[in-house]
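Here are the chains, one letter per residue:
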Amino acid sequence: MERNAGTFNLQSGRVLRRPVKLLGSDGLPARRARIWTREKLRYLQKYAQAFMTAMAPKRSQGKWEHLDYIDLLSGPGLSIVRETKEEFDGSPLIALKIKPAFDHLYFADLNAKNITALKSRVSAKDADRVTFSAGDCNIVVDEVLKQISSRTLGLAFIDPEGFEVDFETLTKLAKKRIDLLYLFASGIGVRRNLKNALSVANSRLDKWWGGKDWRDLPAARWAAGKFSEEPSEKVLQSFVSAFRKKVASAGFQFQDEEALPFTNTKNAQIYHLLFFSHDQAGLTIWNNIKKIAPGGQRTLL
Ligand SMILES: C[S@@+](CC[C@H](N)C(=O)[O-])C[C@H]1O[C@@H](n2cnc3c(N)ncnc32)[C@H](O)[C@@H]1O
């Protein structure tokens, strides 16, 4: 089941899926991916690379003691493209391979099997700069942030399938010197789930959104059947934009005001990649990366 077709368990916020065991060529569990999954990871790779290239000299000069990476929904470390069977690194292994290297990396996943597989995929030479946790990101975040000193600059990649991440978790990240790349589930499947959530007084979405005000937004009113036609891109965009502003007001001074949309092969919107930073330099780097499409072509942005 894919992001744009799934239904969500409104208690846990997770996509409901049939348990299909998918193994990589190394015999360990892998994630089933679609072609566009790779695109978002290319943006992560490019940002992490540029972040470390720009910040490693500042670490040498003593401005930062540590440069750390945080991935609270890390997956097992390997994805397989459904259409082509091609295998590629997931976000944690991408971050591990960045040079200059992060000082420490925090990987967590609710599914303990994913963490076991990921541990096996991390080489012995890298193991002592990684902390692994099997657990809910909304709990693990506190343990991780306890380790992040005021002289640490971090990069967090928060990559949920749906509504799993509480808004409060993002506000906790905002209190540290951490740049945040967050996958906002804005796809058709998610919008359909708004309808189910609207019928519940206390929905999982309230925690995800950080309040009940999402219910008043045009996208939710559309989901409730109050619009006869499909909402325009503008209506959907306003949903993403309202969330982005909430996250920014939790403590990030700089944000990408034009979140990157990702679409599937049928050109249906699946999700948006949101970027937040405490520093103008972070936003400048991100904007430069956005000007280059993942395949390496310059966009017309
Ligand atoms: C979209 S995948 C992450 C993919 C990963 N970034 C990659 O590049 O391969 C989302 C992951 O979040 C995990 N997950 C779901 N709910 C979670 C939660 N509450 N806390 C931590 N992990 C969770 C799932 O098991 C899944 O592996």
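Residues numbered from 1 in each chain as written. Predicted model: local features only at pLDDT ≥ 70, side-chain atom pairs only at ≥ 80, totals over all residues. Heavy atoms only, no water.

Draft legend 1. Fine view of the overall build of the protein chain. Secondary structure summary: the protein chain contains 11 helices and 11 strands in total. Considering only residue pairs separated by 6 or more positions, the protein chain has 72% of its internal contacts joining residues 24 or more positions apart. For the protein chain, the accessible surface area stands at approximately 13900 Å², while carbon and sulfur atoms represent 51% of it. (Helix = DSSP H or I, 4+ residues; strand = E, 2+ residues; numbered from the N terminus. Contact = heavy atoms within 4.5 Å. Areas by Shrake-Rupley, 256 points an atom, 1.4 Å probe, with all protein chains shown as cover.)

Draft legend 2. Local environment of the environment of phenylalanine 184. Tracing the sequence through the fold places phenylalanine 184 in strand β8 (residues 178–185). Judged by its relative accessible area of 0%, phenylalanine 184 is buried. Counting along the chain gives 26 residues from phenylalanine 184 to isoleucine 158, while the straight-line C-alpha distance between them is 9.2 Å. Discounting residues that sit within four places of it in the chain, phenylalanine 184 has contacts with Trp208, Trp209, Phe239, Val240, Phe243, Tyr271, His272 and Leu274. (Buried < 20%, exposed > 50% of the residue type's maximum accessible area, 1.4 Å probe, protein only.)

Draft legend 3. A look at the site of the ligand. The immediate surroundings of the ligand are formed by 21 residues, with Ser91, Asp109, Leu110, Cys137 and Asp159 found nearest. A distance of 2.7 Å separates an oxygen atom of the ligand from a polar side-chain atom of aspartate 109. Of the residues belonging to the shell around the ligand, the class tally is six nonpolar, seven polar and eight charged. (Near = heavy atom within 4 Å. Polar contact = N/O pair within 3.5 Å; in protein donor to acceptor, adjacent residues only side chain to side chain. Nonpolar A, V, L, I, M, F, W, Y, C, P; charged D, E, K, R; others polar.)

Draft legend 4. Broad picture of the packing of aromatic side chains. What the rule picks out here adds up to 23 aromatic pairs. Their ring planes at 55 degrees and their centres at 6.0 Å tell us that tyrosine 43 and tryptophan 286 sit as a pair that is tilted. A residue pair is termed long-range when its members are at least 10 positions apart, and tyrosine 43 in helix α1 (residues 35–60) and tryptophan 286 in helix α11 (residues 280–290) qualify at 243 residues. Tryptophan 286 shares its class with tyrosine 43; the two are buried. A ring pair is formed by tyrosine 182 and phenylalanine 243, whose centres lie 5.6 Å apart and whose planes are at 25 degrees; its orientation type is stacked. Note that tyrosine 182 is positioned in strand β8 and phenylalanine 243 in helix α10 (residues 233–249), a separation of 61 residues in sequence. (Phe/Tyr/Trp six-rings, centres within 6.5 Å; stacked < 30°, edge-to-face > 60°.)

Draft legend 5. Expanded view of the sheet that holds strand β3 (residues 78–81). Pairing is mixed across the open sheet formed by three strands, whose spatial order is β1-β3-β4. Each edge of the sheet is formed by a strand with only one pairing partner; in this case those strands are β1 (31–33) and β4 (87–89). Across the sheet, the axes of successive neighbouring strands diverge by a mean angle of 35 degrees, strand direction being ignored. The pairing of β3 with β4 spans three bridges and is classified as antiparallel. Each bridged residue has a counterpart across the sheet, and for leucine 78 the counterpart in β4 is aspartate 89. (Pairing = 2+ DSSP bridges. Axes fitted to C-alpha atoms, helices over the stretch in contact; angles between N-to-C directions.)

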